[in-house]
Amino acid sequence: MKRIQVIIIGLILSACTFVINAQSDLEDLTFTAMLKSVDLSKEPKAANLIRKFQDLEARQKLMNGPLSPKKGVCTIEAFRNKEVLLITIPAEALFSPNSTQLSENAAKLLTPVKRYMKDPDMFRVLLVMHTDNTGSDEYREKITEERVDAVAEWFDNQGADTSYTFSYAFGDDNPLVPNTSMENRALNRRLEIYLMPGQKMFEAAKKGKIDF
């Protein structure tokens, strides 16, 4: 009997070690590798179900709240063959100029994203901060790092499960448009939130039903 208990405990510890190692491995991935970390290409039926689920999530949840593009602030679009949802929030809607402290209005825009952090690895949430080309290289790197850290910390302080939330500071490396005017620079200063399917969603989709 004791031997059976020891074996069961060993299996539990092994499973826990696997999860921890999996999360640790994910943290070491580049942004591009992270977007490819759940491969749906070999499971077309599961991939199609995930696309339908993501479309429904966007239309029923995101499009009807503070992040709705109808309000003229944020944008929501499908990404990576419609398997990933991409929310773009202007930096000015979250931070005062040159500030790395979240503004009072930020909570209203970030709160809808908390639902995607309630069930570990159902979603993998990628937080990507960008800026324009003004200031030194060091300044651009620093402000995007501190801003994305502030967003991640906000979710932590709100009690969200951020074990599958990953932060990236891109500086001005990926502008949406050329930094040739004040309007263009404002477009380039942004937070992108990628809601990509996690392994748990993928496994549910392979069984033919996603409950969330």
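Per chain, residue numbering runs from 1 following the sequence as it is written. Local features in a predicted model are, by the rule used here, given only for residues with pLDDT of at least 70; side-chain atom pairs are given and counted only at 80 or more, and totals for whole chains, interfaces and linings are based on all residues. Side-chain descriptors were evaluated using all non-hydrogen atoms of the structure, hydrogens and water having been removed beforehand.

1. With respect to the pattern of salt bridges
Then, number 1: Any Lys or Arg side-chain nitrogen found within 4 Å of a carboxyl oxygen on Asp or Glu counts as a salt bridge. Using the criterion set out here, one finds 14 salt bridges in the structure.
Then, number 2: Measuring nitrogen to oxygen at the nearest pair gives 2.9 Å for the salt bridge that ties Asp 55 to Arg 59. Placement of both Asp 55 and Arg 59 in helix 3 (residues 44-60) is noted, with a separation of four residues, approximately one turn of the helix.
Then, number 3: Accessibility here uses a 1.4 Å probe with only protein chains present; expressed as a share of the type maximum, an area under 20% marks a residue as buried, one over 50% as exposed, and anything in between as partly exposed. Given the relative accessible area of 39%, Asp 55 is considered partly exposed. The helix count covers DSSP runs of H or I at least four residues long, the strand count covers runs of E at least two residues long, and both are numbered beginning at the N terminus.

2. Focus on the layout of surface pockets
Then, number 1: The rule is simple: put a 1 Å grid over the protein atoms alone, call a set of points where a 1.4 Å probe fits but cannot get out a cavity, call an open set with protein on both sides within 12 Å along at least five of seven lines a pocket, and count a residue as lining if it has an atom within 4 Å of a point. Grid points are joined across faces, edges and corners, and a volume is the space filled by probe spheres set on the points. Put simply, the second largest pocket is a space of about 170 Å³.
Then, number 2: Lining the second largest pocket are 13 residues, with Pro 97, Asn 98, Asp 132, Tyr 139 and Arg 189 sitting closest to its centre.
Then, number 3: As a working rule, the residues Ala, Val, Leu, Ile, Met, Phe, Trp, Tyr, Cys and Pro are called nonpolar, Asp, Glu, Lys and Arg charged, and the rest polar, with Gly in that last group. For the lining of the second largest pocket, the per-class residue count stands at five nonpolar, four polar and four charged.

3. A short note on the packing of helix 3 against helix 7 (residues 199-206)
Then, number 1: All axes are obtained by fitting lines to C-alpha atoms, using only the stretch in contact for helices, and the reported angles, taken between N-to-C directions, cover 0 to 180 degrees. Direction vectors running N to C along helix 3 and helix 7 enclose 115°, while the axes themselves pass 8 Å from each other. By the criterion of interaxial angle, the relationship of helix 3 to helix 7 is roughly perpendicular. Our pair here, helix 3 against helix 7, has a crossing hand that is right-handed. Facing helix 3, whose interface residues are Ala 46, Leu 49, Ile 50 and Phe 53, helix 7 presents Met 201, Phe 202, Ala 205 and Lys 206. To sort the angles, those under 35 degrees are grouped as roughly parallel, those over 145 as roughly antiparallel, those from 65 to 115 as roughly perpendicular, and the leftovers as oblique. Whether a crossing is left-handed or right-handed is set by the direction in which the near helix is turned from the far one by less than a right angle, anticlockwise for left-handed and clockwise for right-handed. Contacts are residue-level and defined by heavy atoms, with any inter-residue pair within 4.5 Å sufficient.

4. Looking at the packing of aromatic side chains
Then, number 1: Stacked, tilted and edge-to-face pairs are distinguished by plane angle, under 30 degrees for stacked and over 60 for edge-to-face with tilted covering the rest, among Phe, Tyr and Trp rings (Trp via its six-membered ring) whose centres lie within 6.5 Å. Taken as a whole and judged by the stated rule, the model has eleven aromatic pairs.
Then, number 2: Between the aromatic rings of Phe 31 and Phe 170, the centroid separation amounts to 5.4 Å while the plane-to-plane angle is 90°, which identifies the pairing as edge-to-face. Taken together, the positions of Phe 31 in helix 2 (residues 31-35) and Phe 170 in the loop between strand 4 (165-169) and helix 6 (182-188) put the pair 139 residues apart, joining distant regions of the chain. As far as burial versus exposure is concerned, Phe 31 and Phe 170 are alike and both buried.
Then, number 3: For the pair Phe 53 and Phe 212, a centre-to-centre distance of 6.2 Å together with 85° between the ring planes defines the contact as edge-to-face. Here Phe 212 lies in the segment after helix 7 and Phe 53 lies in helix 3, a separation of 159 residues in the sequence.
Then, number 4: With a relative accessible area of 13%, Phe 53 lands in the buried category.
Then, number 5: A residue is classified by how much of its surface remains accessible, and Phe 212, at 29% relative accessible area, is partly exposed.
Then, number 6: Aromatic rings pair up to connect Phe 31, Phe 79, Tyr 168, Phe 170 and Tyr 194 into one cluster.
Then, number 7: The ring of Phe 212 has Lys 118 sitting right over it, with the charged end atom 4.5 Å from the ring centre.
Then, number 8: In this structure, Lys 206 packs its charged tip against the face of Phe 202, placed 4.9 Å from the ring centre. Counted as over-ring charges are cases with an Arg CZ or a Lys NZ within 6 Å of the ring centre that also lie within 35 degrees of the ring normal.

As far as function goes, none of this settles anything; it's purely spatial.
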